[in-house]
Amino acid sequence: MPDLPRFTAAAVQASPVYLDPAATVDKAVALIHEAADHGAALVVFPEVFVPGYPYWNWTMNPVQGSPWYERLYRAAVDVPGPYVDTLRAAARQVGVVLVIGVNERGRHSLGVLYNTLLIIGADGELLDVHRKLVPTWAEKLTWTPGDGSSLRVHRTAVGPLGALACGENTNTLARFTLLAQGELVHAAAYIALPVAPEDYDMAEAIALRAAAHCFEGKLFTVVSCSTISPDMVDLIAGDDQQVRKQLARPHSALSGVFGPDGRPVGEPLVDEEGIVYAEIDLGRCIQPKQMHDIVGHYNRFDVFRLHVDNRPLRPLVFPEEEA
C-alpha cells in the first residue's frame, strides 16, 4: 500500500524585500517558522521570491531596463551558496518540505540568470533545482531557459511532489511529465502580474490553471503567489504615475490549495499578504483516478508517446568527460 499522508499545507502570499537577498531570506525564514507553528508540513513560496521579479521588463524598454538587470544579477542567488544553506537549515530545523523561488546566477556566464525553484526536503536536503523551461514573454529579457533534467517528482514526507513556475503550469507536456511520474502534490509558484494586458485577470488565470491540473491529474495543487509592496512601487515606478497605476491593479495575485476535483480547499487569498493553510488528504486522490487516470487506464500509450530529454544542457563538454 503506498503511503498517502494527511498533512497541512501552507501557501505563502508575500512580497520580497525587493532586490535585497539577505533581508528577503530572513523574511522567508520567519514565514517558514510561522507556517510550521501553525502545523504546516509543506510550505510553498512564490516564484523568484528571492530577491524579486523583474517588473522593469514590462514597464521599460530594453535599454532602460538594462541597468536593472545588473542590479538583479548582483542580488541573485548562487546554488549552492549561503542563502540556500540558510533556507535548508530553516526547513531542517522545523521539519517542513519547502519549495521557494529564487533568481539563480549562472556559474559560467555573467549573462545567465535562471528563474529557479528550490525543492528542499524536511531533513534540509536540496532535492531539486528546477529552472523554468521557458521564460514568459517579456521575461526573456532576463532569464535563460532551463532544461529537462529537473522535471522530476520527489518522494517526500508529504508524498510525491513536483513543482512548476508560473506559465509552466500552462505547459501540457511539462505537467504530464510530472503526472506520469506519480505526482500527487503539485507546487505552483507565481508572481503578481498587474502589468499584463488589461483583459487579463491574473488571479482568475492562476485559479483556472490550478483547477485544470488538479482535475486532469486527480491531485492537490498548492499555489503561492507574490504581492507588490508599496516600497516596490516606489522603487520601480518612481514618479511615473502610469506605472504606479499599473502596479496597483487589483486581482493580480491569488494563493491557495486546490483538490483533485479542481475545487479550492478552503478560501484562496487574493492580493493581500498572508498565508493560506489547508488540510490535504492524499487518500482523496484514489477514487477520482478510477474515472479518469490520464497516466494509466484512461490513456492509449500505443497511440500516444511522450519522449522527454532529461539530460542537463551544458555549454562545454571535454572529450574525457564523454568517456
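Structural data are supplied above this passage.
In this report, we go over the structure that sits alongside the text. (Residues numbered from 1 in each chain as written. Predicted model: local features only at pLDDT ≥ 70, side-chain atom pairs only at ≥ 80, totals over all residues. Heavy atoms only, no water.)

1. Remarks on helix α1 (residues 21–37)
- Here α1 is 17 residues long and its end C-alpha atoms lie 24 Å apart, about the 24 Å a rise of 1.5 Å per residue gives.
- Those residues of α1 not exposed but buried are Pro-21, Thr-24, Val-25, Ala-28, Val-29, Leu-31, Ile-32, Ala-35 and Ala-36. Taken end-on, α1 shows its buried residues confined to a sector of 165°, consistent with a single buried face. When the buried face of α1 is taken as reference, the exposed residues oriented beyond 90 degrees from it are Asp-26 and Asp-37. (Helix = DSSP H or I, 4+ residues; strand = E, 2+ residues; numbered from the N terminus. Expected span 1.5 Å × (residues − 1). Buried < 20%, exposed > 50% of the residue type's maximum accessible area, 1.4 Å probe, protein only. Arc of directions from axis to C-beta.)

2. Some details on a nonpolar patch on the surface
- Together, Leu-173, Leu-306 and Val-308 make up a nonpolar patch on the protein surface, roughly 240 Å² of accessible area in all.
- Inspection of the secondary structure assignment puts Leu-306 in the loop between α9 (286–291) and α10 (319–322).
- Its relative accessible area of 36% is what places Leu-306 among the partly exposed residues. (Patch = residues over 30% accessible without salt bridge, like charges linked within 9 Å, V, L, I, M, F, W, Y side chains within 5 Å. Areas by Shrake-Rupley, 256 points an atom, 1.4 Å probe, with all protein chains shown as cover. Salt bridge = Lys/Arg side-chain N within 4 Å of Asp/Glu carboxyl O.)

3. A look at the sheet that holds strand β9 (residues 220–225)
- Ordered by their spatial adjacency, six strands build an open sheet running β6-β7-β8-β9-β10-β11, and the pairing between neighbours is mixed. Only two strands of the sheet have a single partner each, and these edge strands are β6 (154–156) and β11 (269–270).
- The pairing of strand β8 (residues 185–190) with β9 spans six bridges and is parallel. Paired with His-186 across the strands is Thr-221, a residue of β9.
- In the packing of helix α5 (residues 172–179) onto the sheet, contacts are made with β7 (159–165) and β8, and the angle to β7 comes to roughly 165°. (Pairing = 2+ DSSP bridges. Contact = heavy atoms within 4.5 Å. Axes fitted to C-alpha atoms, helices over the stretch in contact; angles between N-to-C directions.)

4. Things to note about unusual backbone geometry
- Pro-51 follows Val-50 through a cis peptide bond whose omega is -10°.
- Mapped onto the elements of the fold, Pro-51 is located in the loop between β2 (40–44) and α2 (56–59).
- Put simply, Val-79 and Pro-80 share a cis peptide bond, and its omega is 0°.
- With respect to the helices and strands, the residue Pro-80 is situated in the loop between α3 (62–75) and α4 (82–94).
- Unusually for a residue other than glycine, Cys-166 sits at a positive phi of about 50°.
- For Cys-166, the location among the structural elements is in the loop between β7 and α5.
- One non-glycine residue, His-251, lies in positive phi territory at about 65°.
- Within the secondary structure, His-251 is located in the loop between α8 (241–247) and β10 (254–258).
- A relative accessible area of 37% places His-251 in the partly exposed class.

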